Amino acid sequence: MEFIYEYGLFLAKVATFVAAILLVIGAAAQFAGRNKHDGEGYIEVHNLNESLEDMSQALKDYVLDKDVLKQQHKDEKKQHKKDAKLRAKQLKRGEDLEKEHKKRVFVLDFDGDISASDVEPMREEITTVLSLATEQDEVFLRLESAGGMVHSYGLAASQLQRIRDQNIPLVIAVDRVAASGGYMMACLADRLIAAPFAVLGSIGVVAQIPNFNRLLKKHAIDIEMLTAGEHKRTLTMFGENTDKDRKKFVEDLEDTHLLFKEFVAEHRPQLNMEQVANGDVWFGKRALEHQLIDEIRTSDDYLVKACEESNVYQVRFVLKKSLSERLGGMISGSLDRVLLTWWERAQRSRFFS
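Along each chain, residue indices are assigned from 1 in the same order as the chain's sequence is written. Owing to the predicted nature of the model, reporting of local features is limited to residues with pLDDT of at least 70; listing and counting of side-chain atom pairs is limited to 80 or more, with chain, interface and lining totals taken over all residues. Each side-chain value is derived from all of the structure's non-hydrogen atoms; neither hydrogens nor water enter the calculation.

### Considerations on the overall build of the protein
Defined as follows: Counting from the N terminus, the helices are DSSP H or I runs at least four residues long and the strands are E runs at least two residues long. For each residue, the accessible area found with a 1.4 Å probe, counting protein chains only, is set against the maximum for its type, and the residue is called buried under 20%, exposed over 50%, and partly exposed in between. Residue contacts follow a heavy-atom distance rule, with two residues in contact if any of their heavy atoms lie within 4.5 Å.
Scanning the protein from N- to C-terminus turns up 12 helices and 10 strands. A burial count over the protein gives 31% of its 353 residues as buried. Residue pairs at least 24 apart in sequence account for 74% of intrachain contacts in the protein once pairs closer than 6 positions are excluded.

Below, the structure written as structure tokens:
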């Protein structure tokens, strides 16, 4: 009986909670209708030099002796003063400091799924970077993708081509995988680096399709497909596929593969296409032997080194979440907490009453 009472009390709390949330949603939706913001997202920029310094300082604060830290802080202040005085003198003499500006590295990320959906934020990031970057700067892309649809990855690669067209150096790092469409993107790099056991290659094309024609015939179900044009449909899921259909389908695959090979060869002419364009994949060290990459190195190692010599900025386009998505997340989290609380109470009642 005590458990039933607890359960009823819990349901009453949940009902009250949901009713309150619905009132908040209604009020918020009304307010949002009067205060709409244009645009689908916004650009976030993080200075990785500062982030690295903060992490290093946190460790120093914990590990080093207080007197040593105090002396380091004094030395840093002196150096900052010297730098400020030098800059002031240069400005007074009218020197053009912009010509001698410190190299900037703009860091982007691409995490590819089968439809290369990350191309949407990436195109915004590239547009933003190209509005400022010069030939003395650099774009650094951390790329992860096992490939996917040809047209989607073709668009993703064309976005990277925009950087090349502006003569801005493009470095691409692969820490885990850049295969098939992922490698199509990677081969656009002026310099391509990869971790020792990253997977690269898969310069090939694959397609598969289930066919339910025999199953439908077994159950006396007919499929009518009407087309205009000899090759409007070749292989289908429900119709009866013929050898002629299969031949045309394979011809299309072969032509796609040829375009893929031509694209890779254009951007990495040092490759022996007969050896590497067979759909096979290689780990980082073997990929280096086949010249699929230029260097064995992780993205972390590259960026830490870049922070010593350049100003490094991570650029990220953040998609705005709709009001319903934000409130949905809040409600989901709150309900999870309520359910967890009830479950813990029920367990205590069960085992300790």
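### What about the pattern of salt bridges?
Between side chains of opposite charge, a pair can form as their charged atoms come close. Filter applied, for reference: For this analysis, a salt bridge means a side-chain nitrogen from Lys or Arg found within 4 Å of a carboxyl oxygen belonging to Asp or Glu.
Enumeration according to the criterion identifies 17 salt bridges in this entry. Across the salt bridge formed by Asp301 and Arg297, the nearest N and O atoms sit 2.8 Å from each other. Overall, the relative accessible area of 41% leaves Asp301 in the partly exposed class. Using a relative accessible area of 19% as the deciding quantity, one classes Arg297 as buried. One salt-bridge network, in which partners are shared between bridges, spans Arg191, Glu295, Arg297 and Asp301.

### Some details on the nonpolar core
Selection criterion: The term nonpolar core refers to a set of buried residues drawn from Ala, Val, Leu, Ile, Met, Phe, Trp, Tyr and Cys, joined through side-chain atoms within 4.5 Å.
Membership of the largest hydrophobic core comes to 46 residues, with the highest contact counts inside it found for Phe110, Met122, Leu160, Ile172, Tyr183, Met185 and Leu200. For this core, the element with the most residues is helix α5 (residues 150-165), which contributes 5 residues. Sequence-distant contacts of Leu200, defined by excluding residues within four places in its chain, comprise Val174, Ala178, Tyr183, Ala194, Asp280, Val281, Trp282, Gly284, Ala287 and Ile293. Listed in part, the 12 residues of the second largest apolar core include Val107, Val171, Tyr302 and Leu303.

### Topic: helix α8 (residues 243-267)
The test is simple: Expected span of a helix: the number of residues minus one, times 1.5 Å.
Taking 1.5 Å of rise per residue, the 25 residues of α8 would be expected to cover 36 Å, and the 37 Å separating its terminal C-alpha atoms lies within 8% of that figure. Taken residue by residue, α8 has Asp245, His257, Phe260, Val264 and His267 as its buried positions. If you follow the buried residues of α8, they end up packed against α5, α6 (181-186) and α9 (273-276).

### So, the sheet that holds strand β2 (residues 104-111)
The condition that has to hold: For two strands to be treated as a pair, DSSP must find at least two bridges joining them. In this analysis an axis means a line fitted to C-alpha atoms, helices contributing only their contacting stretch, and an angle means the value between N-to-C directions, from 0 to 180 degrees.
In spatial order, the strands read β1-β10-β2-β3-β4-β6-β9; together these 7 strands make up an open sheet with mixed pairing. Each of the sheet's edge strands pairs with one partner strand only, and the pair in question is β1 (41-47) and β9 (295-296). Relative to strand β10 (residues 311-319), β1 is paired through 7 bridges, and the arrangement is antiparallel. The residue bridging Ile43 from the neighbouring strand is Phe317, located in β10. Here helix α4 (residues 119-130) sits on the sheet in contact with β1, β2, β3 (138-144) and β10, set at roughly 170° to β2. Sheet contacts for helix α11 (residues 299-309): β2, β3, β4 (170-174), β6 (191-194) and β10; angle to β3, the most-contacted strand, approximately 160°.

### What about a nonpolar patch on the surface?
Our working rule: Patch membership requires more than 30% relative accessible area and the absence of a salt bridge. Residues of like charge join within 9 Å; the nonpolar side chains Val, Leu, Ile, Met, Phe, Trp and Tyr join within 5 Å. Each accessible area value is a Shrake-Rupley result obtained with a 1.4 Å probe; residue values ignore everything except the protein chains displayed when judging cover.
Residues Ile209, Phe212, Leu215, Ile221, Ile223, Met225, Met237 and Phe238 make up a contiguous nonpolar surface patch of about 670 Å² in total accessible area. The residue Met237 is located in the loop between α7 (213-218) and α8 in this model. Taking the relative accessible area as the measure of exposure, Met237 reaches 33% and is therefore partly exposed.

### Description of α4
Think of an α-helix as 3.6 residues a turn; residues three or four steps apart then line up on the same face. The line we're drawing: Directions from the helix axis toward the C-beta atoms define the arc.
With 12 residues, α4 extends 16 Å between its outermost C-alpha atoms, agreeing within 8% with the 16 Å of an ideal straight helix rising 1.5 Å per residue. Among the residues making up α4, those that are buried are Val119, Pro121, Met122, Glu125, Ile126 and Val129. Taken end-on, α4 shows its buried residues confined to a sector of 155°, consistent with a single buried face. Of the surrounding elements, those touching the buried residues of α4 are β1, β2, β3, α5, α6 and β10.

### Some details on the side chain of Ser180
Mapped onto the elements of the fold, Ser180 is located in the loop between β5 (177-179) and α6. The buried category is assigned to Ser180, whose relative accessible area is 16%. Setting aside residues up to four positions removed in sequence, Ser180 forms contacts with Ala146, Gly147, Gly201, Ser202, Gly204 and Phe260.

### Here we look at the sheet that holds β5
The mixed open sheet is built from 3 strands, whose spatial order is β5-β7-β8. Each edge of the open sheet is held by one strand with a lone partner, namely β5 and β8 (281-283). Pairwise comparison of adjacent strand axes, ignoring direction, gives a mean angle of 30° for this sheet. Relative to strand β7 (residues 199-201), β5 runs parallel, the two sharing 3 bridges. Its bridge partner being in β7, Ala179 is matched across the sheet by Gly201.

### Some details on the environment of Phe140
With respect to the element layout, Phe140 can be found in strand β3. The residues touching Phe140, leaving out its near neighbours within four places in the chain, are Val105, Phe106, Val107, Leu108, Val171, Ala173, Ile193, Ser299, Tyr302 and Leu303.

### Observations regarding the pairing of β10
Pairing of β2 with β10, which is carried by 4 bridges, proceeds in the parallel orientation. Counted as the bridge partner of Phe106 is Tyr313 from β10.

Just geometry here; none of it tells us what the structure is for.
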